[in-house]
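Analysis of the macromolecular model
Take a look at the letters that make up each chain.
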Amino acid sequence: MRLDVVTIFPDYLAPLQLSLIGRAQAQGLLDVRVHDLREHTHDRHRTVDDTPYGGGAGLVMKPGPWGEALDAVLADPPPGAGQDGPVLLVPSPVGEVFGQRAAVDLAAEPWLVFACGRYEGIDARVVEHYRGRVRVREVSLGDYVLNGGEVAVLAITEAVVRLVPGVVGNAASLTEESHAPEHDGLLEHPAYTKPASWRGLDVPTVLAGGDHGAVGRWRRDEALRRTASRRPDVVARLDPARCDARDLAV
Ligand SMILES: COc1ccc2nc(C(=O)O)sc2c1
């Protein structure tokens with residue numbers, strides 16, 4: 001997978017060189033390229049923003065530098081980019097809320113390009129223009145507002161890249177996690193390790209009993225109970241063929 005990130009704060013993306021994502025690059029599973037938007041300005045002050053048409057507070061990112069930056073990225077496709085080209089992801093408070101389903105879909109893409117906005121956002125014509133050239137998805141981490149897209153890029157990249165085959169050592173663990181489609185999107189059951197008793201709190205006896213069937217049932221019940229009590233929105237979109245009200249009445 002190739003990831004391109006265009007930003008005015010390249011150093012913000014330094015964590016992509018660490019840990020799991022850094023290791024994926026060393027293994028050749030991932031090619032991350034961070035581009036400084038200011039390299040596509042031509043004035044002495046390297047200006048990337050200006051006042052909004054129609055007035056109002058704040059500044060809007062100019063379309064010119066974005067057009068040059070994204071054109072330069074698109075002009076250098078990775079091998080295997082395919083006919084569809086990249087998915088252009090634009091983190092934004094007005095975007096679709098990013099979730100595990102989107103992470104799974106994006107993990108199957110050979111090429112993702114992120115456009116990190118700052119200030120009051122990017123001139124709307126940039127998204128409009130590129131919708132005619134590539135698949136564009138405006139995405140938000142949730143119903144709150146950050147100062148820019150970089151934090152969202154770090155979160156989305158981690159959620160997506162860990163699903164790329166070979167990146168996580170034990171791929172089986174991915175199917176048992178919260179929100180995993182293989183886990184019906186439920187929240188994960190509680191986890192325990194040694195010692196069996198800690199500060200008067202004991203590990204549930206079923207987990208130490210060696211009855212794998214009973215452990216599996218206990219874990220499923222705990223996942224259903226947690227999901228029902230904490231995430232009614234997740235319950236609302238469960239597949240009734242796999243989880244019905246009886247299951248949730250645990
Ligand atoms: C100007 O660029 C921004 C500003 C706020 C913001 N908030 C996000 C979020 O996911 O909450 S993405 C994002 C991008």
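With respect to the nonpolar core
Grouped together as the largest cluster of nonpolar side chains are 32 residues, with contacts concentrated most on Leu3, Leu30, Phe98, Leu112, Phe114, Val160 and Val161. Of all the secondary-structure elements, those providing two or more residues to this core are β1 (2-7), α1 (19-26), β5 (87-97), α3 (100-107), β6 (111-115) and α5 (150-161). Core analysis: the next-biggest nonpolar cluster, separate from the first, contains 21 residues, Val48, Met61, Trp111 and Val136 among them.

A short note on the pattern of salt bridges
For the coordinates displayed, the defined rule picks out 15 salt bridges. Two residues, Arg131 and Glu138, come together in a salt bridge whose shortest N-O distance is 3.1 Å. Note on Glu138: relative accessible area 23%, which makes it partly exposed. The partner of Arg225 in a salt bridge is Glu222, and the shortest N-O contact between them spans 2.5 Å. Note that Arg225 and Glu222 are positioned in helix α7 (residues 212-230) at a spacing of three residues, about one turn of the helix. One salt-bridge network, held together by shared partners, links Asp31, Arg33 and Asp76.

Examining the domain arrangement of the protein
The assigned domain composition of the protein is domain 1 (2-161) and domain 2 (179-249). If you average the C-alpha positions of domain 1 and of domain 2, the two centres end up 36 Å apart.

Details of the site of the ligand
Near the ligand you find 15 residues, and of these Gly117, Arg118, Leu141, Tyr144 and Leu146 are the closest. Measuring from an oxygen atom of the ligand, one finds a side-chain N or O atom of Ser140 at 3.4 Å. A distance of 3.1 Å separates a nitrogen atom of the ligand from a polar atom in the backbone of Leu146. Coverage of the ligand by the protein chains reaches 96% of its 360 Å² of free accessible surface. Ranked by the residues each element gives to the shell around the ligand, the list is headed by β5, at three residues. Residue composition of the shell around the ligand, by class: seven nonpolar, seven polar and one charged.

A closer look at a nonpolar patch on the surface
Residues Phe9, Tyr12, Tyr144, Leu146 and Val151 make up a contiguous nonpolar surface patch of roughly 430 Å² in combined accessible area. Relative to the elements of secondary structure, Tyr12 occurs in the loop between β1 and α1. Residue Tyr12 is classed as partly exposed on the basis of its relative accessible area, which comes to 36%.

What to know about the packing of α1 against α5
Direction vectors running N to C along α1 and α5 enclose 60°, while the axes themselves pass 10 Å from each other. Accordingly, the angle class assigned to the pair α1 and α5 is oblique. When you trace α1 past α5, the crossing you get is left-handed. Contact residues: α1 offers Leu20, Ile21 and Ala24, while α5 offers Thr157, Glu158 and Val161. Class assignment for the residues of the contact of α1 with α5 results in four nonpolar, one polar and one charged.

Analysis parameters
Residues numbered from 1 in each chain as written. Predicted model: local features only at pLDDT ≥ 70, side-chain atom pairs only at ≥ 80, totals over all residues. Heavy atoms only, no water. Core = buried A, V, L, I, M, F, W, Y, C linked by side-chain atoms within 4.5 Å. Buried < 20%, exposed > 50% of the residue type's maximum accessible area, 1.4 Å probe, protein only. Helix = DSSP H or I, 4+ residues; strand = E, 2+ residues; numbered from the N terminus. Salt bridge = Lys/Arg side-chain N within 4 Å of Asp/Glu carboxyl O. Domains from an automatic or database assignment. Near = heavy atom within 4 Å. Polar contact = N/O pair within 3.5 Å; in protein donor to acceptor, adjacent residues only side chain to side chain. Areas by Shrake-Rupley, 256 points an atom, 1.4 Å probe, with all protein chains shown as cover. Nonpolar A, V, L, I, M, F, W, Y, C, P; charged D, E, K, R; others polar. Patch = residues over 30% accessible without salt bridge, like charges linked within 9 Å, V, L, I, M, F, W, Y side chains within 5 Å. Axes fitted to C-alpha atoms, helices over the stretch in contact; angles between N-to-C directions. Parallel < 35°, antiparallel > 145°, perpendicular 65-115°, else oblique. Left-handed = near helix turned anticlockwise from the far one by under 90°. Contact = heavy atoms within 4.5 Å.

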